[in-house]
Amino acid sequence: MKIENNKFAKAEMLIRKPVSKVFQAFTDPEITSKFWFTKGSGKLEEDKSTEWTWEMYGFSLTVTTKVLKENQKIVIEWGNSDEITLVEWVFTPLNENETFVSITNSGLKGDTDKIIDQVRNSTEGFTLVLAGAKAYLEHNIQLNLVLDRFPKGIA
């Protein structure tokens, strides 16, 4: 699956773990919940839908896995029915203990201001997810970056 439009957000990070461990961290909710959402209804499987929940925000989202190439790529569709976008993870092993992860969110729609807002929010969000994944996978530390992004009482 190729990124089709030029309206996209991107975040990238080196994670010093083998590609198989990094890939698993984004497909297995038991691991992903340590740095991103709080619950997942199951592991990602190609052509299947999964529900992800952020309990601290009272929010759930259904994602549909379009592509799942082990240790290489994940592509999901997510969003409200009128604003579905694609999220693509590309996992590039640099050696046996280092993986470069690139996340692209594409298919953003709307006027210029709305697209700029979506690009900013997506880039910021996926940067926090990657930083949290890096801390958890490399150092077994849960930074709570997503949890602490929107604390109660702050507008």
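Structure: above.
Residues numbered from 1 in each chain as written. Predicted model: local features only at pLDDT ≥ 70, side-chain atom pairs only at ≥ 80, totals over all residues. Heavy atoms only, no water.

**Q** Break down the pattern of salt bridges for me, with residues and values.
**A** Applying the stated criterion across every chain, the model contains 8 salt bridges. In this structure, glutamate 98 engages arginine 16 in a salt bridge whose closest nitrogen and oxygen atoms are separated by 3.6 Å. One end of the pair, glutamate 98, is in strand β7 (residues 98–106); the other, arginine 16, is in the loop between β1 (8–15) and α1 (19–27), with 82 residues separating them in the sequence. For glutamate 98, a relative accessible area of 21% puts it in the partly exposed group. Look at arginine 16 and you get partly exposed, because its relative accessible area is 45%. Its salt-bridge partner being glutamate 138, residue lysine 134 comes within 2.8 Å of it at the nearest N-O pair. With lysine 134 and glutamate 138 both in helix α3 (residues 112–139), this residue pair falls 4 residues apart, about one helical turn. Here lysine 134 matches glutamate 138 in class, with each residue buried. (Salt bridge = Lys/Arg side-chain N within 4 Å of Asp/Glu carboxyl O. Helix = DSSP H or I, 4+ residues; strand = E, 2+ residues; numbered from the N terminus. Buried < 20%, exposed > 50% of the residue type's maximum accessible area, 1.4 Å probe, protein only.)

**Q** Any details on the pairing of β7? Residues and values, ideally.
**A** Counting buried positions over the 9 residues of β7 gives 7, a clear majority of the element. By the bridge criterion, 8 bridges tie β1 to β7 in an arrangement that is antiparallel. Bridge assignment links lysine 10 to a residue of β7, and that residue is threonine 104. As defined by bridge partners, strand β6 (residues 85–95) adjoins β7 across 9 bridges and the pair is classed as antiparallel. The residue bridging asparagine 95 from the neighbouring strand is glutamate 98, located in β7. Following β6, the chain reverses through 2 residues before pairing antiparallel with β7. (Pairing = 2+ DSSP bridges.)

**Q** Pulling in residues and values, what's your account of the packing of α1 against α3?
**A** Where α1 meets α3, the axes come as close as 11 Å, and the angle between the chain directions of the two elements is 125°. Considering their axes alone, α1 and α3 lie oblique with respect to each other. Where α1 crosses over α3, the two elements pack in a sense that is right-handed. Contacts between α1 and α3 pair Lys21, Val22, Ala25 and Phe26 from the former with Val129, Leu130, Ala133 and Leu137 from the latter. Of the residues that constitute the contact of α1 with α3, the class distribution is 7 nonpolar, no polar and 1 charged. (Axes fitted to C-alpha atoms, helices over the stretch in contact; angles between N-to-C directions. Parallel < 35°, antiparallel > 145°, perpendicular 65-115°, else oblique. Left-handed = near helix turned anticlockwise from the far one by under 90°. Contact = heavy atoms within 4.5 Å. Nonpolar A, V, L, I, M, F, W, Y, C, P; charged D, E, K, R; others polar.)

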